[in-house]
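Below, each chain spelled out in residue letters.
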Amino acid sequence: MHRYRSHTCGALRDSHIDQTVRLSGWCHRIRDHGGVLFIDLRDHYGLTQCVADPDSPAFAQAEKLRSEWVVRIDGKARRRPAGTENPELPTGEVEIYVTEIEVLGPAGELPLPVFGEQEYPEDIRLKYRFLDLRREKLHQNIMTRGAIVDSMRRRMKEQGFFEFQTPILTASSPEGARDFLVPSRIHPGKFYALPQAPQQYKQLLMMSGFDRYFQIAPCFRDEDPRADRLPGEFYQLDLEMSFVEQDDVFAAVEPVITGVFEEFAKGKPVTKNWPRIPFAEAIRKYGSDKPDLRNPLLMQDVSEHFRGSGFKVF
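Note that this is a predicted model, so its numbers are computed, not measured.

Asks: Tell me what's going on with the overall build of the protein chain, and back it up with residues and numbers.
Replies: A tally of regular secondary structure across the protein chain gives eight helices and ten strands. Out of the 314 residues belonging to the protein chain, those deemed buried represent 35%. Intrachain contacts of the protein chain at a sequence separation of at least 6 include 54% that bridge at least 24 residues. Carbon and sulfur atoms form 54% of the exposed surface of the protein chain, whose accessible area is close to 20100 Å².

Have a look at this one:
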């Protein structure tokens, strides 16, 4: 048998009943029901209930376990007693009767709990980010983000776009914020800039004849935080096309964005045909053919106009 596991904590089903298995993971929750210990063992793939009673050869070791200890558990898979099944878990029909426990990594008292979704101050969550990311909601957010990126990447490639990775250390570019600067070791007093966007590189790629470029691009801007992004860095779906008109760009982008929302909307309705509102119509209420676009009150009113039409303006 493998040194650490024969199965993951999300793999066991009815078909594994009566098999001897080995699991490794974190002690998510430990419950004592009248001398019978229930250990919810967690890994990246899921959760499995493990049981140790006084007749188990591993009972004494099980009594020492604490939350978030990393352990290896050997035992036999068996069906849960009638009425104790958990339909919310893929492994909810089975449990492991523990015969052996090896502590791989004990843990001290936790500064914030992993079990449950209690709110904790942001400074503590950031200081102990490795614990924060063990929480189910945060873990799922990370996995969903990766799935969305995969979906965008697949949809772009299906339309003939090719993915590039552009340089991170670059020269300063005229964007809308301050650059982050990195000192050069070889040239004292000289600095690289982190890209605010891959604008210049993607235009060079078009000049080189690559025709359709895209990138899940990191962008670095020395600016104050906003509601939808971190201070200093964010990622964007960046693209460029050659020999196209405006409608070609719409035709390329709309199915990508719409498809991603359909895939991850969890049943919520998604508009498939994007309405197009001329700029002049959006600002007609202001009674001027040349509005002052620098006026924040104007943009706030435009946002209200779009919001009433089912749009969201960023």
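Don't stop here, the text continues.
Asks: If you had to explain the sheet that holds strand S9 (residues 212-220) to someone new, which residues and values would you point to?
Replies: What the three strands build is an open sheet, ordered S6-S9-S10; its pairing is mixed. The open sheet has two free edges, formed respectively by strand S6 (162-163) and strand S10 (233-241), since each of these has just one partner strand. Bridging between S9 and S10 involves nine bridges; their strand directions are antiparallel. Residue Phe-220 lies in a different strand from S10, and its bridge partner there is Glu-233. Of the strands in this sheet, S6, S9 and S10 are in contact with helix H4 (residues 136-158), which crosses S9 at around 150°.

Asks: Give a detailed account of the state of the cysteines, specifying residues and quantitative values.
Replies: Inspection of the entire model under this criterion finds zero disulfides. In this model Cys-9 remains outside any disulfide bridge; the closest cysteine sulfur is found in Cys-50, 6.9 Å from its own.

Asks: An account of the nonpolar core is requested, with residue identities and associated values reported.
Replies: Formed by 23 residues in total, the largest nonpolar core has its most connected members in Val-71, Ile-73, Ile-96 and Ile-101. Contributions of two or more residues to this core are made by strand S1 (20-33), strand S2 (36-43), strand S3 (46-52), helix H1 (59-64), strand S4 (70-79) and strand S5 (94-105). Broken down by element, this core gets its largest block of residues, four residues, from S5. In contact with Ile-101, other than residues within four places in its own chain, are Ala-58, Gln-61, Ala-62, Leu-65, Val-71, Arg-72 and Ile-73. Core analysis: the second largest hydrophobic core is formed by seven residues, Met-156, Leu-239, Met-241 and Ala-252 among them.

Asks: Kindly report on the confidence of the model for the protein chain, identifying the contributing residues and their values.
Replies: In the predicted model, the protein chain carries a mean pLDDT of 89, and the fraction of residues at 70 or more is 89%. Below a pLDDT of 50 lies the segment residues 305-314, which in the model reaches ten contacts outside its immediate sequence neighbourhood of four places, other chains included.

Asks: An account of the packing of aromatic side chains is requested, with residue identities and associated values reported.
Replies: By the definition in use, this model includes three aromatic pairs. Measuring from ring centre to ring centre gives 5.1 Å for Phe-164 and Phe-210, while their planes differ by 75°; the resulting arrangement is edge-to-face. With Phe-164 in the loop between S6 and strand S7 (181-183) and Phe-210 in the loop between helix H5 (199-207) and S9, this pair connects stretches of sequence that are 46 residues apart. With 6.1 Å between their ring centres and 35° between their planes, Phe-164 and Tyr-213 make a pair best called tilted.

Asks: So what's going on with the environment of Arg-31? Residues and values would help.
Replies: For Arg-31, the position within the fold is in strand S1. Arg-31 sits 20 residues away from Val-51 along the chain, and the two C-alpha atoms are 9.7 Å apart. Apart from residues no more than four positions distant in its own chain, Arg-31 is found in contact with Val-36, Leu-37, Phe-38, Asp-40 and Gln-49. In this structure the side chain of Arg-31 is engaged in a polar contact, spanning 3.3 Å, whose partner is the side chain of Gln-49.

Asks: Which residues make up helix H6 (residues 246-264), and what values do they have?
Replies: Given a rise of 1.5 Å per residue, 19 residues ought to cover 27 Å, and the 27 Å separating the end C-alpha atoms of H6 matches this to within 8%. Regarding H6, the residues found buried are Ala-252, Glu-254, Val-256, Thr-258, Gly-259 and Val-260. Elements that come into contact with the buried residues of H6 comprise H4 and S10. Residue Lys-266 follows H6 closely and has a positive phi angle near 55°.

What counts, and where the lines are drawn
Residues numbered from 1 in each chain as written. Predicted model: local features only at pLDDT ≥ 70, side-chain atom pairs only at ≥ 80, totals over all residues. Heavy atoms only, no water. Helix = DSSP H or I, 4+ residues; strand = E, 2+ residues; numbered from the N terminus. Buried < 20%, exposed > 50% of the residue type's maximum accessible area, 1.4 Å probe, protein only. Contact = heavy atoms within 4.5 Å. Areas by Shrake-Rupley, 256 points an atom, 1.4 Å probe, with all protein chains shown as cover. Pairing = 2+ DSSP bridges. Axes fitted to C-alpha atoms, helices over the stretch in contact; angles between N-to-C directions. Disulfide = S-S within 2.5 Å. Core = buried A, V, L, I, M, F, W, Y, C linked by side-chain atoms within 4.5 Å. pLDDT = per-residue confidence, 0-100. Phe/Tyr/Trp six-rings, centres within 6.5 Å; stacked < 30°, edge-to-face > 60°. Polar contact = N/O pair within 3.5 Å; in protein donor to acceptor, adjacent residues only side chain to side chain. Expected span 1.5 Å × (residues − 1).

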